[in-house]
Amino acid sequence: MGWAAVTAALLAATPMFLTQGDVTPEAALRAEAEASWKELEARYAAEAGGLPTQPPAPIRLQRGMGLPPERNAQSRPGLVELRQNTPGVLEDRLRVALKHELAHQLLWWACPAASEDRLFHEAFALVVSGELPEWRDGPYQSLSVSAAELARSPSVDTPRARRALARILGEDRGFPQALSRRLRQCQDGARWAVPLSIDELADVTVKAATNATVVVSRHSGEVLFSEGDVQRAVPYGSTLKPFVLAGSSQPPLLTPRSGIQEWACGQGLPRQVDGRTALLRSCNGYFLDWEAKGGAAPDFGPWGAVLSAVGLTGKPADMADAIGLRSTLALSPWGMAQAYRLLAEAHPELIEWMKDNAARGTLSDLPASPAYTGVATKTGTVRDAASRPQYGWIVAVDADLVAVAMRPGKMPRSFADEMPQVLARVRQRPGLDAARVQVLGLASSGDVEAACQGVGFAINQGQPRAVPQGFSRMREMVAGGPAVCLGSPWRVRVPGLPSQGRDYAGIFTWSSPPPYRPPLGVPTTERERNARRGSDFLFRTTRLQYTAGVVASEDASLKGEARVALARVVAHNERHAESRHGGRPICDTTHCQAFLGTVRVQPEEEKALGLPELRWKEWLLFSQGGQEPWREVRPRAKVEALLGPGLAALRFDMGRVFFVKAQQEAGATYDTTESLPCELLRSGLKLPACPRTASFDGPDILFEGRGRGHGEGLDVESAKASGLRSDEILERAYAR
């Protein structure tokens, strides 16, 4: 599409730009933004071949109050923050920064699938903003040095990384072809399965492969550790043999053939080799003979789509391709980790098999072998024609992590001691174990929709099925097994929430709770019944991510030791939730602890989970608390519907309501005193907190109190004002 034709396509596609007077002159700023947007749109349309059909959302332009010194602007969807050094002057630096950030805004609108791809975003913004010449100025930097610098900072958030990116972009005299291909992919609606790589961007091999290590969470999917160019695809050796087993029919018993090199699988091979032994010994001959016998899947069966989605460079022609005997195909460490994360959900039995690898497989009889106890491993070696190692791989999977290490020129056994060190290093971060929570119970299960901006798969009877692009019903996704989003969090929406939904970094499964029966005589709303019933959807993430999500949902304004204290209670309650739902996981409503999805973890949450576990062994209550006085009037009839007729007096103490009722029996009237948990009265009457006093006023009852919540356990507002350490806050709240 030419530039003239593109211009005609831009009608009504410019967003509304909103200003608030803190960057001036406002009219000139909006005009500059509109002109820049039209130019950016024209470039996008020319390279992508079109524009989205939906109009862009409004964009707010305002002064950035907390910009780091090295930044002139920053943004998130719908908001651009700018640094203006001289009021009333739109200097060139500000104009370039504005155009750079609008390039990000345009991609968030036109190419939402690439929202998590920082390299793609920064490369596009550098090219279209006009700032490339400035970044190119300076001492000469080779491509290999630039690529190494960029690999050290994959988020491209430092001046050195941006200069390195500009050097690589300078290899293409026109608009970079790699970006053009990716923009067409945006417009075509294709999956953004693999992030843009340095090699792809340069359109040349910019450096030889170097050491690469990546560790991802099995639960949340987040990358916990990354070193080297983990996006570079290289031949993978034997590491994909588990996927042959996963995609094939039942593996047979086969007789080894003596004198055949591919059957040289170590000493003491049994007379009949099964799939488990072949996997642990990495017996190439077994897989080749299985293919000849029939029943094997050299294309990985249903798992071929998974491997392709995470970056496998082609489809295997035969078993020799699949098991890496030929180095015709390649996969990146990042893609390998993603594929194994899904495999661990679908085929836990294969993971159990691989736990024996350090005892009787390819990593046995090494000084490091005992360090792999309880860890499933798979090795792979790529050799040249002289049988020299070109690439060595180790994949490790434990209860919480998937780790992949690739070392050029090394055999896996020669660096086997490195993987336990990597796992130990990552595990220094607290809260990486699993947390499970019932979610979205207040919504009808048929209304819940989810979308994966990476690559989503649902597991049914051990086999993966790609989920549709865009939002689709979650109930159908999880009907046969877990649903996993590779490369990004799930985005979940229900009626009544913003249309873009909320992020859930983790794995969904289906598990219907038993029916809920409210206590006799206690009026319960439908919402309360749903909250106490629980949910059909179970969500698994890390305990750290869960804790951060609850703290943000309960009180996002908390800081310092008060936030640490609340986070410790939240994490404690996730492990002591038996009383809430009869042995099922904790729920996500205020019946348990509010949880509205995963958020960015704050330092206080990491600190909290790194501290010793709390000494109490039961559920710990907390509430907003505070001392703000309140007065509420409720009809006496409504109170008696909760406590019973004939109500004569009310008193509150120690979290309970004590009440006197007039009873009649055999013509005589007498008073009885009863008590119930105050929370039943508070929630039933929708009072801000458990009252302190109650007075009768004709047909009404006046309740008076202070603070918010049930008034038991940790008072969050009091904790904010206390100035105490978290230990002291918690002892004051829960000491018996």
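Residues numbered from 1 in each chain as written. Predicted model: local features only at pLDDT ≥ 70, side-chain atom pairs only at ≥ 80, totals over all residues. Heavy atoms only, no water.

Enquirer: What should I look at first to understand the overall build of the protein in this one?
Expert: Tallying secondary structure elements over the protein gives 28 helices and 28 strands in all. Dimensions of the protein along its principal axes, counting C-alpha atoms only, are 105 × 80 × 45 Å. Counting over 736 residues, the protein shows a buried share of 52%. In the protein, 66% of the contacts between residues at least 6 apart in sequence involve partners at least 24 apart. With an accessible surface of roughly 32300 Å², the protein has 50% of that area assigned to carbon and sulfur atoms. (Helix = DSSP H or I, 4+ residues; strand = E, 2+ residues; numbered from the N terminus. Buried < 20%, exposed > 50% of the residue type's maximum accessible area, 1.4 Å probe, protein only. Contact = heavy atoms within 4.5 Å. Areas by Shrake-Rupley, 256 points an atom, 1.4 Å probe, with all protein chains shown as cover.)

Enquirer: Any chance you could explain the confidence of the model for the protein here in plain terms?
Expert: Close reading of the predicted structure is inappropriate where its pLDDT is low. Considering every residue of the protein, the mean pLDDT works out to 88; 91% of them sit at 70 or more. Predicted confidence is poor over residues 1-12, with pLDDT under 50, and the contacts of this stretch with residues over four places away or in other chains come to 14 contacts. (pLDDT = per-residue confidence, 0-100.)

Enquirer: Can you walk me through the side chain of serine 220 in this structure?
Expert: With respect to the element layout, serine 220 can be found in the loop between strand S5 (212-217) and strand S6 (223-227). At 2.8 Å, the side chain of serine 220 forms a polar contact with the side chain of glutamate 222. Setting aside chain neighbours within four positions, we find serine 220 in contact with Arg341, Ala505, Gly506, Thr541, Thr542 and Gln545. (Polar contact = N/O pair within 3.5 Å; in protein donor to acceptor, adjacent residues only side chain to side chain.)

Enquirer: Would you take a moment to explain the sheet that holds strand S12 (residues 455-460) for this structure?
Expert: Read from one edge to the other, the open sheet built from 7 strands follows the order S13-S12-S15-S18-S19-S10-S20, with strand pairing classed as mixed. At either end of the open sheet lies a strand with only one pairing partner, and these are strand S13 (463-466) and strand S20 (586-587). Pairing between S12 and S13: 4 bridges, direction antiparallel. The residue of S13 that forms the bridge with alanine 458 is arginine 465. Strand contacts of helix H15 (residues 333-346): S12, S13, strand S15 (483-486), strand S18 (507-510) and strand S19 (537-542), with the helix running at about 175 degrees to S15, the strand carrying the most contacts. (Pairing = 2+ DSSP bridges. Axes fitted to C-alpha atoms, helices over the stretch in contact; angles between N-to-C directions.)

Enquirer: Teacher, can you tell me more about the sheet that holds strand S3 (residues 73-76) here?
Expert: Two orientations exist for strands paired in a sheet by backbone hydrogen bonds: parallel and antiparallel. Overall, mixed pairing links the 4 strands, which are arranged S1-S2-S4-S3 in an open sheet. Looking at the sheet topology across the chains shown, the edges are occupied by strand S1 (17-19) and S3. Each strand of the sheet is rotated relative to its neighbour by a mean of 20 degrees, with strand direction disregarded. Bridge count for S3 against strand S4 (residues 79-82) is 4 bridges, and the pairing is antiparallel. Bridged to glutamine 74 within S4 is glutamate 81. Of the strands in this sheet, S1, strand S2 (59-63) and S4 touch helix H2 (residues 26-48), which is tilted by about 155 degrees from S1. Sitting on the sheet, helix H3 (residues 92-110) is in contact with S1, S2, S3 and S4, with an inclination near 15 degrees to S3.

Enquirer: Is there a simple way to think about the pattern of salt bridges in this case?
Expert: Opposite charge on two side chains permits pairing when their charged atoms draw close. Overall, the coordinates contain 35 salt bridges when judged by the stated rule. A salt bridge links arginine 429 to glutamate 606; its shortest N-O distance comes to 3.3 Å. Of this pair, arginine 429 sits in the loop between helix H18 (418-426) and strand S10 (434-439) while glutamate 606 sits in helix H24 (residues 603-610), placing them 177 residues apart in sequence. Accessibility expressed as a relative area gives 26% for arginine 429, which makes it partly exposed. Since its relative accessible area comes to 28%, glutamate 606 is described here as partly exposed. Across the pair arginine 636 and glutamate 640 runs a salt bridge whose closest N-O atoms are separated by 3.4 Å. Taken together, the residues arginine 636 and glutamate 640, both in helix H25 (residues 636-643) and 4 residues apart, mark about one turn of the helix. (Salt bridge = Lys/Arg side-chain N within 4 Å of Asp/Glu carboxyl O.)

Enquirer: Would you explain helix H8 (residues 177-188) in this entry?
Expert: Working note: α-helix, 3.6 residues per turn, so residues spaced by three or four point in the same direction. Under the 1.5 Å per step criterion, the end-to-end length of H8 is 16 Å for 12 residues, consistent within 8% with the ideal 16 Å. Those residues of H8 that sit buried are Ala178, Leu179, Ser180, Arg182, Leu183, Gln185 and Cys186. At the exit of H8 stands glycine 189, carrying a positive phi of roughly 75 degrees. (Expected span 1.5 Å × (residues − 1).)

Enquirer: So what exactly am I meant to see when it comes to the pairing of strand S16 (residues 490-493) here?
Expert: Residues Trp490 and Val492 point to one face of S16 and are all buried, whereas Arg491 and Arg493, pointing to the other face, are not buried. Bridge analysis of strand S11 (residues 449-452) against S16 gives 4 bridges, and the strand direction is antiparallel. Each residue of the ladder has a partner; that of glutamate 449, found in S16, is arginine 493. Two elements, S16 and strand S17 (residues 502-504), share 3 bridges in a ladder whose sense is antiparallel. Bridge assignment links valine 492 to a residue of S17, and that residue is arginine 502.

Enquirer: So what exactly am I meant to see when it comes to the pairing of strand S8 (residues 389-397) here?
Expert: The side chains of a regular strand alternate, residue by residue, between the two faces of the sheet. Burial analysis of S8 places 7 of its 9 residues in the buried class, the great majority of the element. Relative to S8, strand S7 (residues 376-383) runs antiparallel, the two sharing 8 bridges. Counted as the bridge partner of threonine 377 is alanine 396 from S8. As paired elements, S8 and strand S9 (residues 401-408) share 7 bridges and run antiparallel to each other. Bridge pairing in S9 places valine 395 opposite valine 404. Counted along the chain from S8 to the antiparallel partner S9, the turn is 3 residues long.

Enquirer: Help me out: how do you make sense of the state of the cysteines in this one?
Expert: The term disulfide refers to a covalent linkage connecting the sulfur atoms of a pair of cysteines. Tallied over the full model, the rule gives 4 disulfides. Disulfide partner of cysteine 111: cysteine 186, at an S-S distance of 1.9 Å. Classification of the bridge connecting cysteine 111 and cysteine 186 rests on its S-S torsion, roughly -65 degrees, and on that basis the disulfide is left-handed. Of this pair, cysteine 111 sits in the loop between H3 and helix H4 (118-128) while cysteine 186 sits in helix H8, and the two are 75 residues apart along the sequence. Given the relative accessible area of 12%, cysteine 186 is considered buried. Two residues, cysteine 452 and cysteine 485, share a disulfide whose sulfurs are 2.0 Å apart. Between cysteine 452 and cysteine 485, the disulfide has an S-S torsion of 80 degrees and is therefore right-handed. Of this pair, cysteine 452 sits in strand S11 while cysteine 485 sits in strand S15, placing them 33 residues apart in sequence. Cysteine 485 matches cysteine 452 in its accessibility class, with the two residues each being buried. (Disulfide = S-S within 2.5 Å.)

Enquirer: Where do I start with the packing of H3 against H4 in this structure?
Expert: Helices that pack against each other are described as a pair by the angle of their axes relative to one another and the distance between those axes. Across the interface, H3 lies against H4 with an axial gap of 9 Å and an inter-helix angle of 130 degrees. With respect to each other, H3 and H4 are oriented oblique. Pair H3 / H4 crosses with right-handed handedness. Taking contact as the criterion, the partners of Lys99, His100, Ala103, His104, Leu106, Leu107 and Trp108 in H3 are, on H4, Phe120, His121, Glu122, Phe124, Ala125, Leu126 and Val128. (Parallel < 35°, antiparallel > 145°, perpendicular 65-115°, else oblique. Left-handed = near helix turned anticlockwise from the far one by under 90°.)

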